[in-house]
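What follows is each chain in one-letter form.
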Amino acid sequence: MSGRGRFVTFEGIDGAGKSSHVEWFAERLRERGRTVVVTREPGGTELAEAVRDWVLNRPMSMRVEALLVFAARQDHLDRVIRPALAAGTWVVCDRFTDSTVAYQGGGRGMPADDIALLERWVHPDLQPDRTYLFDLDPAEAARRRQAARAADRFEAQDEAFFGRVRGAYRARAAESPERFRRIDGARTIDSIRAELEEDLATL
Ligand code: ADP
Ligand code: TYD
């Protein structure tokens, strides 16, 4: 394909169901003839995966958390995301800067201006072309997480934390309605996939 690839991100509170669709979504794009890279944040490069391990498992302040996720993001952008997009490859990424706005901003209480400053520094010129926001009641998301896996530093947070994260996501989505699509995470996996398939045809 010629031209710049598209940048698609999946967002939502832990347990909302987004990761269940990321690989599936990339396959649908490949069926349509796109070259696709699937990646995640924090992560996606050797250095950023090491940072992920720290951020998910070691105690640290809110500011260190924010600086580390943006350091990992800079490496990921430099080595993976920007080169792929420039080559015409589509990038499907499990979380991006909306997660920082939601978790460090909404969840931890970091001032929005501080996060906006880091965002302008690291990617002043780039935003996802499409962001699917999986929206689910925090109590239901917690039930799904408990059934599925052991908790990391974020997943161990209480419902009030995830209520704030969800609120920050919704506010961010309201600021960019053309970029975001809200996915009702309470629906079945099949009905969510039908909705995603309909939308990807518009990208
Ligand atoms: P996330 O990536 O948002 O943290 P996952 O995709 O890992 O969430 O899903 C968390 C758990 O919920 C998994 O056990 C998954 O099988 C289950 N799950 C995902 N989507 C749905 C859905 N639409 N309905 C019911 N359970 C779901
Ligand atoms: P996630 O990618 O959902 O992984 P898993 O499903 O394997 O637990 O989890 C990454 C965690 O990192 C998630 O709890 C949100 C958090 N996070 C931030 O706090 N800030 C960020 O900028 C990013 C990208 C993630």
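This section reports on the structure supplied with the text.

## Thoughts on unusual backbone geometry
Then step 1. With an omega of -10°, the peptide bond between Glu41 and Pro42 qualifies as cis.
Then step 2. Tracing the backbone shows Pro42 in the loop between β2 (36-40) and α2 (46-57).
Then step 3. Backbone geometry at Arg95 places phi at a positive 80°, although glycine is not the residue there.
Then step 4. Examined against the element boundaries, Arg95 turns out to sit in the loop between β3 (90-94) and α4 (97-107).

## Considering α4
Residues that lie three or four places apart on an α-helix share one face, since the helix turns once every 3.6 residues.
Then step 1. Burial of α4 is extensive: eleven of the eleven residues sit out of reach of the surface.
Then step 2. If you check which residues of α4 are buried, you get Thr97, Asp98, Ser99, Thr100, Val101, Ala102, Tyr103, Gln104, Gly105, Gly106 and Gly107.
Then step 3. Looking one or two residues past α4, Gly109 carries a phi angle of roughly 95°, positive in sign.

## Some words on the packing of aromatic side chains
Then step 1. Overall, the coordinates contain ten aromatic pairs when judged by the stated rule.
Then step 2. Centre to centre, the rings of Phe7 and Phe96 are 5.0 Å apart; their planes meet at 80°, and the pair counts as edge-to-face. Within this pair, whereas Phe7 is found in strand β1 (residues 7-12), its partner Phe96 is found in the loop between β3 and α4, the two being separated by 89 residues in sequence.
Then step 3. Where Tyr103 meets Tyr169, the ring centres are 6.5 Å apart and the plane angle is 85°; that geometry is what we call edge-to-face. Here the residue Tyr103 occupies a position in helix α4, and Tyr169 occupies one in helix α7 (residues 159-175), the gap between them amounting to 66 residues. Neither residue differs from the other here; Tyr103 and Tyr169 are each classed as buried.
Then step 4. Through a chain of ring-to-ring contacts, the aromatic side chains of Tyr103, Phe154, Phe161, Phe162 and Tyr169 assemble into a single cluster.

Criteria and cut-off values
- Each residue is numbered by its place in its chain's sequence as written, counting from 1.
- In the order they appear in the text, chains get letters beginning with A and ligands get numbers beginning with 1.
- Under the rules for a predicted model, residues below a pLDDT of 70 receive no local features and side-chain atom pairs below 80 are neither given nor counted, while totals for whole chains, interfaces and linings still include all residues.
- Remark: hydrogens and water are excluded; side-chain values derive from all non-hydrogen atoms of the structure.
- The helix and strand labels rest on DSSP assignments: H or I over at least four residues marks a helix, E over at least two residues marks a strand, and numbering proceeds from the N terminus.
- Throughout this description, buried means an accessible area under 20% of the type-specific maximum (1.4 Å probe, protein chains only), exposed means over 50%, and partly exposed covers the range between.
- Note on aromatic pairs: the rings of Phe, Tyr and Trp (six-membered ring only in Trp) are paired at centre separations within 6.5 Å, and the planes decide the class, stacked below 30 degrees, edge-to-face beyond 60, tilted for the rest.

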